[in-house]
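Letter by letter, the chains look like this.
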Amino acid sequence: MLRALGTALKIIIGFALACFVAGAIQVGFVVTPFDLMQIPLDQRLERLGLASLWALFAANQTAVFASPFALIAIIFALWNRIRKATYFVIAGGLIGLIGLLTQIASESPGDPSIANLYATTAYLTAGACAGWVYWLIAARRTGKQPVAARRPPKPNSSPAT
């Protein structure tokens, strides 16, 4: 029972941190470090504070959108005992790509489009990095041990009769 609660807590914390990382990366594609270095220090700190707040907003939107897809990916990984970082990086990238495609599908025909290489890179990078952070926090050691990693039973130490 406690092991299941610990696993659930790791999953929740890992997902929350992954969403924050995705939000921070999305904002980092808008407010670039190069742009921050071009303004005076007092304005830079204010802009950095605003960017941090935007990252929290973006993390909230990421969590709302990505949660059903991430839940499917997490359950699939737990069910199949997948613990490789590659799976979570690819799953995160695919979730990011789904987010981009959803954004593109919701655009009005006459408005400027987000469909460009820069936005695609931003969404894929945010998703892949979020998947890696999730793996790092929650998935490396979550779930049952793989069959090959289980220890064999201890030999019976009682004397033979």
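Refer to the preceding data block for the structure.
A brief report on the enclosed structure follows. If you're wondering where the values come from, they're calculated on a predicted model, not measured in any experiment.

Things to note about helix α5 (residues 117-139)
Working note: α-helix, 3.6 residues per turn, so residues spaced by three or four point in the same direction.
Piece 1. Here α5 is 23 residues long and its end C-alpha atoms lie 30 Å apart, about the 33 Å a rise of 1.5 Å per residue gives.
Piece 2. Among the residues making up α5, those that are buried are Ala119, Ala122, Tyr123, Ala126, Gly127, Ala130, Gly131, Val133, Tyr134, Trp135, Ala138 and Ala139.
Piece 3. Packing partners of the buried residues in α5 comprise α1 (2-30), α3 (41-79) and α4 (85-105).
Piece 4. With a side-chain oxygen lying 3.1 Å from the backbone nitrogen of Tyr118, the N-terminal cap of α5 falls on Asn116.

Quick notes on unusual backbone geometry
Piece 1. For Arg81, which is not glycine, the phi torsion reads 55 degrees and is therefore positive.
Piece 2. Tracing the chain through its elements places Arg81 in the loop between α3 and α4.

Structural notes on the layout of surface pockets
Piece 1. Put simply, the largest pocket is a space of about 560 Å³.
Piece 2. Around the largest pocket, the lining is made up of 27 residues, and of these Ala22, Thr62, Phe65, Ala66 and Ile95 lie nearest the centre.
Piece 3. Of all the secondary-structure elements, those providing two or more residues to the lining of the largest pocket are α1, α3, α4 and α5.
Piece 4. Each residue belonging to the lining of the largest pocket can be placed in one class, and the counts come to 17 nonpolar, ten polar and no charged.

Re the nonpolar core
One recurring pattern in soluble globular proteins: nonpolar side chains tend to sit buried together.
Piece 1. If you look at the biggest cluster of nonpolar residues, it comprises 16 residues, and the most contacted ones within it are Ile74, Phe88, Tyr134 and Ala139.
Piece 2. With six residues, α5 is the largest single contributor of residues to this core.
Piece 3. When residues no more than four places from it in sequence are discounted, the contact partners of Tyr134 are Ile11, Gly14, Phe15, Ala18, Ile74, Phe88 and Ala139.

A closer look at empty space enclosed by the protein
Piece 1. In the structure shown here, the tally under the stated rule is two cavities of 30 Å³ or more.
Piece 2. Roughly 60 Å³ of volume is contained in the largest cavity.
Piece 3. Of all elements in the fold, only α3 and α5 reach the threshold of two or more residues within the lining of the largest cavity.
Piece 4. Looking at the lining of the largest cavity, its residues break down into eight nonpolar, one polar and no charged.

Thresholds applied
- Residues numbered from 1 in each chain as written.
- Predicted model: local features only at pLDDT ≥ 70, side-chain atom pairs only at ≥ 80, totals over all residues.
- Heavy atoms only, no water.
- Helix = DSSP H or I, 4+ residues; strand = E, 2+ residues; numbered from the N terminus.
- Expected span 1.5 Å × (residues − 1).
- Buried < 20%, exposed > 50% of the residue type's maximum accessible area, 1.4 Å probe, protein only.
- Contact = heavy atoms within 4.5 Å.
- Polar contact = N/O pair within 3.5 Å; in protein donor to acceptor, adjacent residues only side chain to side chain.
- 1 Å grid on protein atoms, 1.4 Å probe; cavity = no way out; pocket = protein on both sides within 12 Å on 5 of 7 lines; lining within 4 Å.
- Points joined across faces, edges and corners; volume = space filled by probe spheres on them.
- Nonpolar A, V, L, I, M, F, W, Y, C, P; charged D, E, K, R; others polar.
- Core = buried A, V, L, I, M, F, W, Y, C linked by side-chain atoms within 4.5 Å.

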